[in-house]
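Now for the letters of each chain:
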Amino acid sequence: MNGERAIWKWKKKSNNDFTSILKTIDVPTLVFAGNSSIFPRSKEQGTWEAQEVQNGKEITFGKGGHMLFYVEAKKFNQAIIDHFYNK
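Residues numbered from 1 in each chain as written. Predicted model: local features only at pLDDT ≥ 70, side-chain atom pairs only at ≥ 80, totals over all residues. Heavy atoms only, no water.

(A) Layout of helix H4 (residues 73–84). Spanning 12 residues, H4 covers 17 Å between terminal C-alpha atoms, matching the ideal 16 Å at 1.5 Å per step. By the burial criterion, the buried members of H4 are Phe76, Ala79 and His83. For H4, the angular spread of the buried residues around the axis is 60 degrees, confining them to a single face. Residues of H4 that are buried make contact with strand S1 (29–34), strand S2 (56–61) and helix H3 (68–71). (Helix = DSSP H or I, 4+ residues; strand = E, 2+ residues; numbered from the N terminus. Expected span 1.5 Å × (residues − 1). Buried < 20%, exposed > 50% of the residue type's maximum accessible area, 1.4 Å probe, protein only. Arc of directions from axis to C-beta. Contact = heavy atoms within 4.5 Å.)

Laid out in structure tokens, this is it:
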């Protein structure tokens, strides 16, 4: 598949709204949200998403971005351990 076709397919799919399926998720779910100027509404969105999922929990990170697992690795790993193993 060439690049233009791949971008077209992505754009077509990105216009879909899948938020209605959040209520159908019934497994323990962590929602990671950044609280920084990079994504100013990320915390608000993360809080909402965690409330929509039946077993959702939001974890806020101060540095934001798409690479929370890298930028705040210790906090990210500890959140997973605490949520799934230290109940």
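(B) Examining the pattern of salt bridges more closely. Inspection of the entire model under this criterion finds two salt bridges. Measuring nitrogen to oxygen at the nearest pair gives 3.0 Å for the salt bridge that ties lysine 23 to glutamate 52. Here glutamate 52 lies in helix H2 (residues 42–52) and lysine 23 lies in the loop between helix H1 (3–14) and S1, a separation of 29 residues in the sequence. Classification of glutamate 52 as buried rests on a relative accessible area of 17%. Here glutamate 58 ties to lysine 43 by a salt bridge, and the two come within 3.5 Å at their closest N and O atoms. Of this pair, glutamate 58 sits in strand S2 while lysine 43 sits in helix H2, and the two are 15 residues apart along the sequence. (Salt bridge = Lys/Arg side-chain N within 4 Å of Asp/Glu carboxyl O.)

(C) Layout of H2. Buried within H2 we find Ser42, Gly46, Ala50 and Glu52. Looking down the long axis of H2, one finds its buried residues gathered within 155 degrees of arc, a one-sided arrangement. Summarising the contacts, the buried residues of H2 are in contact with S1 and S2.

(D) Inspection of the side chain of glutamate 58 at higher detail. Side-chain polar atoms of glutamate 58 contact the side chain of threonine 47, separated by 2.8 Å. Side chain to side chain, glutamate 58 and threonine 60 meet in a polar contact 2.7 Å long. Other than its neighbours up to four places away in sequence, glutamate 58 contacts Val31, Ala33, Lys43, Gly46, Thr47 and Ala50. (Polar contact = N/O pair within 3.5 Å; in protein donor to acceptor, adjacent residues only side chain to side chain.)

(E) Examining the packing of aromatic side chains more closely. Taken as a whole and judged by the stated rule, the model has four aromatic pairs. With 6.5 Å between their ring centres and 40 degrees between their planes, phenylalanine 61 and phenylalanine 76 make a pair best called tilted. Note that phenylalanine 61 is positioned in strand S2 and phenylalanine 76 in helix H4, a separation of 15 residues in sequence. Each of the two residues, phenylalanine 61 as well as phenylalanine 76, counts as buried. (Phe/Tyr/Trp six-rings, centres within 6.5 Å; stacked < 30°, edge-to-face > 60°.)

(F) Up close: the pairing of S1. Burial of S1 is extensive: five of the six residues sit out of reach of the surface. The pairing of S1 with S2 spans six bridges and is parallel. Its bridge partner lying in S2, valine 31 is registered against glutamate 58. Read from S1 through H2 to S2, the crossover connection turns out right-handed. (Pairing = 2+ DSSP bridges. Right-handed = clockwise from strand over helix to strand, strands pointing away.)

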